[in-house]
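Report on the structure
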Amino acid sequence: MTFATLHALHASIGRAIEDLEGIYRERSQVEPLDYPRLEDPYYADGLHSAGQELAQRLTHEDPAVSLASKRVVAACGQLSATVSKPGLSIAEAVHAAQLTAAIRFMEAAHIPEILREVGPQGLHVEDIHRTVMELRPGGLSPDPAVLTRTRLAHVLRALATAHWLQEVAPDVFANNRRSSYIDTGKTLQQLRTEPHKKYDGANGIAASVALSGDESHKFAAYLTEWLLPGTRAGSLMVDAKGGPACSSGGAPGAHGSANGAAVRYAAPFNLAFDTELYFFPWAELPENRVRLERFGHAMHGTRYWWERKDEILQGFPWADLAPGSVLVDVGGGIGSTSMTVAQAYPHIHVVVEDRPQVVEFAPASWGPEYASLFESGRMSFRARDLFAPWVPLASGKAPDVFLLRIVLHDWKDEESRTILRQLRSAAGPDTKLLIGDMLLPYACSDQDPFVNDYAPLLPNLGMGNIHGYLMDVMMMAMTGSKERTVDEMSNLALSTGWKIDMVKRSPGSVWAYTTAVPV
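What this report covers is the structure whose coordinates are included nearby. (Residues numbered from 1 in each chain as written. Predicted model: local features only at pLDDT ≥ 70, side-chain atom pairs only at ≥ 80, totals over all residues. Heavy atoms only, no water.)

What follows covers the overall build of the chain. Check the secondary structure of the chain and you find 23 helices and ten strands. Its C-alpha radius of gyration of 24 Å places the chain within 12% of the 24 Å reference for a compact globule of 519 residues. Overall, the chain is about 65 × 55 × 55 Å in size when its C-alpha atoms are taken along their principal axes. The buried share of the chain, reckoned over its 519 residues, is 50%. Carbon and sulfur atoms provide 57% of the accessible area of the chain, an area that totals close to 24,000 Å². Separation of charge centres in the chain, based on 47 positive and 60 negative side chains, amounts to 2 Å. (Helix = DSSP H or I, 4+ residues; strand = E, 2+ residues; numbered from the N terminus. Rg over C-alpha atoms; globule rule 2.2 N^0.38 Å. Buried < 20%, exposed > 50% of the residue type's maximum accessible area, 1.4 Å probe, protein only. Areas by Shrake-Rupley, 256 points an atom, 1.4 Å probe, with all protein chains shown as cover. Lys, Arg positive; Asp, Glu negative; His and termini not counted. Charge placed at Lys NZ, Arg CZ, Asp CG, Glu CD.)

With that settled, the discussion passes to the packing of aromatic side chains. Going through the model one piece at a time under the given rule, you end up with 17 aromatic pairs. Between Trp390 and Phe402, the ring centres sit 5.5 Å apart and the planes meet at 85 degrees, which makes this aromatic pair edge-to-face. In this pair, Trp390 is assigned in the loop between strand E6 (379-383) and strand E7 (401-405) and Phe402 in strand E7, connecting sequence segments twelve residues apart. The pair Trp390 / Phe402 is uniform in exposure class, with both members buried. Here a set of aromatic residues connected by ring pairs shows up, and it is made of Phe219, Phe269, Phe273, Phe279, Phe280, Trp282 and Phe295. Note that Arg116 overlies the ring of Tyr43, its terminal NZ or CZ placed 4.7 Å from the centroid. Over the face of the ring belonging to Trp390 we find Arg382, whose NZ or CZ atom lies 4.9 Å from the ring centre. (Phe/Tyr/Trp six-rings, centres within 6.5 Å; stacked < 30°, edge-to-face > 60°. Lys NZ or Arg CZ within 6 Å of the ring centre and 35° of its normal.)

A few words now on the sheet that holds E7. Pairing is mixed in the open sheet, where seven strands are placed in the order E6-E5-E4-E7-E8-E10-E9. The open sheet has two free edges, formed respectively by E6 and strand E9 (498-504), since each of these has just one partner strand. Pairs of neighbouring strands in the sheet enclose a mean axial angle of 25 degrees, with direction left out of account. Two strands pair when backbone bridges link them, and strand E4 (residues 325-330) and strand E5 (residues 348-354) are joined in this way by six bridges, in the parallel orientation. Its bridge partner lying in E5, Val326 is registered against His349. Sheet strands touched by helix H21 (residues 413-426): E4, E7, strand E8 (432-438), E9 and strand E10 (511-518). Its angle to E7, the strand with the most contacts, is close to 165 degrees. This element, helix H23 (residues 486-494), spans E8 and E9 of the sheet and lies at about 145 degrees to E9. (Pairing = 2+ DSSP bridges. Axes fitted to C-alpha atoms, helices over the stretch in contact; angles between N-to-C directions. Contact = heavy atoms within 4.5 Å.)

Glancing now at the sheet that holds strand E2 (residues 166-169). Read across the open sheet, the three strands follow the order E1-E3-E2; overall the sheet is antiparallel. Only two strands of the sheet have a single neighbouring strand rather than two, namely strand E1 (123-124) and E2. In this sheet, strand E3 (residues 172-174) lies alongside E2 in antiparallel orientation, the contact comprising three bridges. Looking at E3, one finds that Glu167 is bridged to Phe173.

Next up on the list: the packing of helix H11 (residues 205-220) against helix H22 (residues 466-479). If you want to describe how two helices pack, look at the angle between their axes and the distance between the axes. One way to put it is that H11 packs onto H22 with a least axis distance of 9 Å and a crossing angle of 85 degrees. Judged on the interaxial angle alone, H22 and H11 are roughly perpendicular. Touching Ser216, Phe219 and Ala220 of H11 are Met474, Ala477 and Met478, all from H22. Among the residues making up the contact of H11 with H22, the classes are represented as five nonpolar, one polar and no charged. (Parallel < 35°, antiparallel > 145°, perpendicular 65-115°, else oblique. Nonpolar A, V, L, I, M, F, W, Y, C, P; charged D, E, K, R; others polar.)

Bringing a nonpolar patch on the surface into the picture now. Together, Val73, Met463, Ile466 and Leu470 make up an exposed nonpolar region whose accessible area comes to about 340 Å². Among the secondary structure elements, Val73 is positioned in helix H3 (residues 63-83). Look at Val73 and you get partly exposed, because its relative accessible area is 42%. (Patch = residues over 30% accessible without salt bridge, like charges linked within 9 Å, V, L, I, M, F, W, Y side chains within 5 Å. Salt bridge = Lys/Arg side-chain N within 4 Å of Asp/Glu carboxyl O.)

Attention now moves to the side chain of Arg378. With respect to the helices, strands and loops of the structure, Arg378 is situated in the loop between helix H20 (371-375) and E6. Ignoring sequence-local partners within four residues, the contact set of Arg378 consists of Ala342, Tyr345, Pro346, Ile348, His349, Val350 and Leu373.

What follows is the structure, encoded as structure tokens:
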């Protein structure tokens, strides 16, 4: 009975909120602790009361809070899907790309930084428009006939309607909690004089928004044309050249080796950007330098949505490693995740490996407070081809841990096997492989339950975990790869000489740290 299901979903929301309230009540100290309000911005470098700081930590770092909030989102999503008119739901879903475009515009126009400086009273669209125009770098000022005050107001109002800003009075807009997370903490003067340093020292969320709204948004639009070439109808640039030869190509040399060999239209990304290069060699082209650096900062931002900020510390027994143990962060970018380990466990030496173009700028991505880590040698970078044999460290000692965080999801199974085999060949008998990636549960009941029975919610918590499944499709569009299920990851590891020994993840989270051992 549908009404019975609706009542059950309503009750599920109530129980989850009661759980949240109970957690916050138990953790209250001097003053009663409330859940953060959507209307209140939270700036990382702002002044906050002890209660605000504690509420912030609970919201982002407490596994029980995370699970309860996912249950609320899952039930609300399922309730909405049940009661909303199907036609209206379809219209909202297929037009969701417009919201992505609006959020990207908000970040690129520095709207969160502009609104931060004026506070909760907000700013009239005329003043926002003037500031946006003033902040554009020389020679890149928008055409005032295109970026008009009216158009700006309409974009901002769409964002406010979707709870990404507040319209506090007609045509007056202010930040809310969600938009404040996109703030980089840079002053307007800093954005005027050094716009290229916008993401330096920030939490990476703004860079992630820019990456997702730019490259990801564009190549996702070509998923159907890639999977069903007959739907192109002459709309692609590549059609003028005779059309793409979609192949199952993906020889390691195309993406991972120094020769930069090309693979012909291996993914929707290639169609969108009219290139035969894989994403990373393409990003390393001189004309894409800004995109490459932004990608490094964006990976830092993933710690705030894929996993809890310091989840890497609970994902492996780091304290059990002997003094002088070596962690090799394979394909680690600027070292965002392994930096957390290095700071928490001084007895561990960290070596971050990535392509030469990334290693070149990686140390400079960190502020002066991290200088001692690099100067002491406890953390270092070295260039490496993921697909080439692993070059031993100067000590000749096999690494104690290989870390592959959000690396395997970049690659199809064939390429992933090459990466894993190279590491298996370099491993010692006690070397551990730690994989940080999503492990996606089925959307139906399974013999290995993902969470306790929260019926009538979907067994994978539905909309509470939708981001993992959107990422799955995004990786397909980016490189032809995927996020994996537990079985897929286990079979992949075993086929290359690694056996999964342990999977650690927070209750209800699709993100996992998976430990494998040599076999």
